[in-house]
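Geometric and topological summary
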Amino acid sequence: MRKLLFISLLLIGCTESENQNSTKTYFDLAGLITQQIAELNKNQPLTHKNLVIEDKKEVLNTNKIDWQKELELFLQADLNKQSYQLSYNKEETPQMAIYTLKESENLPVKSLKIIFDEDKTVKHIEALLQTENYLYQSEKHLLMTLDKNHLTNYQIEGWQELFIGKKKSFKVDGIVVRK
């Protein structure tokens, strides 16, 4: 029993150190979004949200948002997954990083663009996610704007369609109010 426990702890320790030491092939979007989620959950700033699903509109002014759920699609757009490592063309300059899916690949993140300001902090993020299989199709355009490493607004716009249904569009616009 002790041997099994020791081996389990050893394997967990190796996995954690391997994850910590892994190099990032692309911009660390997950790290940036995780940092934003932690800050926003801690401070719970007032956020103006406009939601549109088909023809139904809803406007919210709230400081009670689960930011993990709210920004989940931005986390999904991170390219530093093991299976994505050789799948994207890179174009990097001091002002921007653009990653586009290679034609031979079939992954949900089709493109990711990061724009930096003068002091090399992220100013703008754009991503395109598409999924298509025999049951379901979807497309999502993600936009995020930051000011001095603080989220100021975000937008998620797209559509989804089940094979037996009609295409349904949606849009979420959020403006984070900073004091």
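Everything that follows concerns the structure shown earlier in this document.
Structural notes, computed from the coordinates. (Residues numbered from 1 in each chain as written. Predicted model: local features only at pLDDT ≥ 70, side-chain atom pairs only at ≥ 80, totals over all residues. Heavy atoms only, no water.)

**Quick notes on a nonpolar patch on the surface**
A surface patch of nonpolar side chains, amounting to about 650 Å² of accessible area, comprises Tyr 134, Leu 135, Leu 162, Phe 163 and Ile 164. Inspection of the secondary structure puts Leu 162 in strand E8 (residues 150-162). (Patch = residues over 30% accessible without salt bridge, like charges linked within 9 Å, V, L, I, M, F, W, Y side chains within 5 Å. Areas by Shrake-Rupley, 256 points an atom, 1.4 Å probe, with all protein chains shown as cover. Salt bridge = Lys/Arg side-chain N within 4 Å of Asp/Glu carboxyl O. Helix = DSSP H or I, 4+ residues; strand = E, 2+ residues; numbered from the N terminus.)

**Description of the side chain of Lys 110**
Secondary-structure assignment places Lys 110 in strand E5 (residues 109-116). Among buried charged residues, Lys 110 stands out as having no salt bridge; its nearest opposite-charge side chain is Glu 132, 7.6 Å away. Excluding residues that lie within four positions of it along the chain, Lys 110 makes contacts with Tyr 88, Tyr 99, Thr 100, Leu 101, Leu 128 and Gln 130. (Buried < 20%, exposed > 50% of the residue type's maximum accessible area, 1.4 Å probe, protein only. Lys, Arg positive; Asp, Glu negative; His and termini not counted. Contact = heavy atoms within 4.5 Å.)

**Quick word on the packing of aromatic side chains**
This model, assessed by the stated rule, comprises five aromatic pairs. Arranged with centres 5.3 Å apart and planes meeting at 75°, the rings of Tyr 26 and Tyr 99 form a pair that is edge-to-face. Of this pair, Tyr 26 sits in the loop between helix H1 (2-21) and helix H2 (29-43) while Tyr 99 is found in strand E4 (residues 96-101), placing the two residues 73 residues apart along the sequence. Considered together, Tyr 26 and Tyr 99 belong to a single accessibility category, that of buried residues. Taken together, the ring pairs in this structure connect Tyr 26, Tyr 84, Tyr 88 and Tyr 99 into an aromatic cluster. Above the face of the Trp 159 ring, Lys 167 is positioned so that its terminal group lies 4.1 Å from the ring centre. (Phe/Tyr/Trp six-rings, centres within 6.5 Å; stacked < 30°, edge-to-face > 60°. Lys NZ or Arg CZ within 6 Å of the ring centre and 35° of its normal.)

**Looking at the pattern of salt bridges**
Within the structure shown, the criterion is met by four salt bridges. Residues Glu 54 and Lys 166 are paired through a salt bridge, measuring 3.6 Å at the closest nitrogen-oxygen approach. Here Glu 54, found in the loop between strand E1 (47-53) and strand E2 (56-62), pairs with Lys 166, found in the loop between E8 and strand E9 (168-176); they are 112 residues apart in sequence, far enough to count as distant. Judged by relative accessible area, Glu 54 falls into the partly exposed class, the value being 29%. The class for Lys 166 is exposed, based on a relative accessible area of 57%. For Lys 171, the salt bridge goes to Asp 173, with nearest N and O atoms at 3.8 Å. The exposure class of Lys 171 is partly exposed, given its relative accessible area of 27%.

**Some thoughts on the pairing of strand E6 (residues 122-132)**
The side chains of a regular strand alternate, first on one face of the sheet and then on the other. Two elements, E5 and E6, share seven bridges in a ladder whose sense is antiparallel. The residue of E6 that forms the bridge with Val 109 is Leu 129. What sits between E5 and E6 in their antiparallel hairpin is a turn of five residues, with Lys 120 showing a positive phi close to 70°. In the sheet, E6 pairs with strand E7 (residues 136-147) via nine bridges, with the strands oriented antiparallel. (Pairing = 2+ DSSP bridges.)

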